[in-house]
Amino acid sequence: MKKISLLILVSVLIFSCGKKEKAADDASKPTTEEGYVTEGADAEAVSAYDPHRGEGKFDKVELGASLDQAMASQGEKASGVKCASCHKLTDEKLVGPGWKGVTERRKPEWIMNFITNPDPMIDKDPEVQAQLEICLVRMPNQGLNDDEARSILEYMRKNDGVK
């Protein structure tokens, strides 16, 4: 029990030490719309980032008007193995945020890019960075292929009430 408590304490200290505060001298540096300070090459990367699409290979994801039940079923299986240990189907946070309403808040391209390419999006997306400050754990790259990611997206749509 003491080892677990010590591990939790060390984890909290590590994450709290990594938080960056905006310094007063940052006022003269360029910022994004959301107020994040940008510098050098990072400024170009942030300004080129599309918060509606995310970063990755998915520019256009075609969704049917109705749910693909077979694909949603495959997505449920894949998410049970890769996602359920960190995400609930409700809006309740577990390790990561809950999935309820995600397909209403995010475009399918963003979801697909985040599922398959989380690291650059965590580094560039201001909303994901804000979520990281709440959750304190970066989403790992699960190595999902395009079909698995698309199936999980369909399962998320089912969770959000698409019939």
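What you are looking at is a predicted structure, and each value in this text was computed from that prediction instead of being measured. (Residues numbered from 1 in each chain as written. Predicted model: local features only at pLDDT ≥ 70, side-chain atom pairs only at ≥ 80, totals over all residues. Heavy atoms only, no water.)

*Asks:* Is there a simple way to explain the overall build of the chain in this structure?
*Replies:* Counting its secondary structure elements, the chain contains 8 helices and 0 strands. Listed by position from the N terminus, the elements making up the chain come as α-α-α-α-α-α-α-α. The buried share of the chain, taken over its 163 residues, is 31%. In the chain, 65% of the contacts between residues at least 6 apart in sequence involve partners at least 24 apart. (Helix = DSSP H or I, 4+ residues; strand = E, 2+ residues; numbered from the N terminus. Buried < 20%, exposed > 50% of the residue type's maximum accessible area, 1.4 Å probe, protein only. Contact = heavy atoms within 4.5 Å.)

*Asks:* Please clarify how the pattern of salt bridges should be interpreted in this entry.
*Replies:* A side chain of one charge can pair with a side chain of the opposite charge if their charged atoms are brought near each other. Enumeration over the complete set of coordinates arrives at 9 salt bridges. Here E127 ties to R106 by a salt bridge, and the two come within 3.1 Å at their closest N and O atoms. Here R106 lies in the loop between α4 (102–105) and α5 (108–116) and E127 lies in helix α7 (residues 126–135), a separation of 21 residues in the sequence. Note that D119 is salt-bridged to R138, the shortest N-O span being 3.5 Å. (Salt bridge = Lys/Arg side-chain N within 4 Å of Asp/Glu carboxyl O.)

*Asks:* How should I be thinking about helix α3 (residues 69–82) in this particular structure?
*Replies:* Helical geometry note: an α-helix holds 3.6 residues per turn, so side chains three or four residues apart project in the same direction. The terminal C-alpha atoms of α3, which comprises 14 residues, lie 20 Å apart, in line with the 20 Å expected from a rise of 1.5 Å per residue. Residues A72, G75, A78 and S79 constitute the buried set of α3. Projected onto a plane normal to the axis of α3, the buried residues spread over an arc of 125° and lie on a single side. Exposed and oriented more than 90 degrees from the buried face of α3 are A70, K77 and V81. Lining the buried residues of α3 we find α8 (146–159). Structurally, the start of α3 carries an N-cap: the backbone nitrogen of A70 is 3.2 Å from a side-chain oxygen of D68. (Expected span 1.5 Å × (residues − 1). Arc of directions from axis to C-beta. Polar contact = N/O pair within 3.5 Å; in protein donor to acceptor, adjacent residues only side chain to side chain.)

*Asks:* What exactly am I supposed to notice about the nonpolar core here?
*Replies:* General note: in soluble globular proteins, nonpolar side chains tend to be found buried as a group. W110, I111, I115, I152 and M156 are the most contacted members of the largest nonpolar core, which has 21 residues in total. Listing elements by their share of this core, those giving two or more residues are α5, α6 (118–124) and α8. Apart from the residues lying within four places of it in its own chain, the contact partners of I111 are V102, T103, R106, L153 and M156. (Core = buried A, V, L, I, M, F, W, Y, C linked by side-chain atoms within 4.5 Å.)

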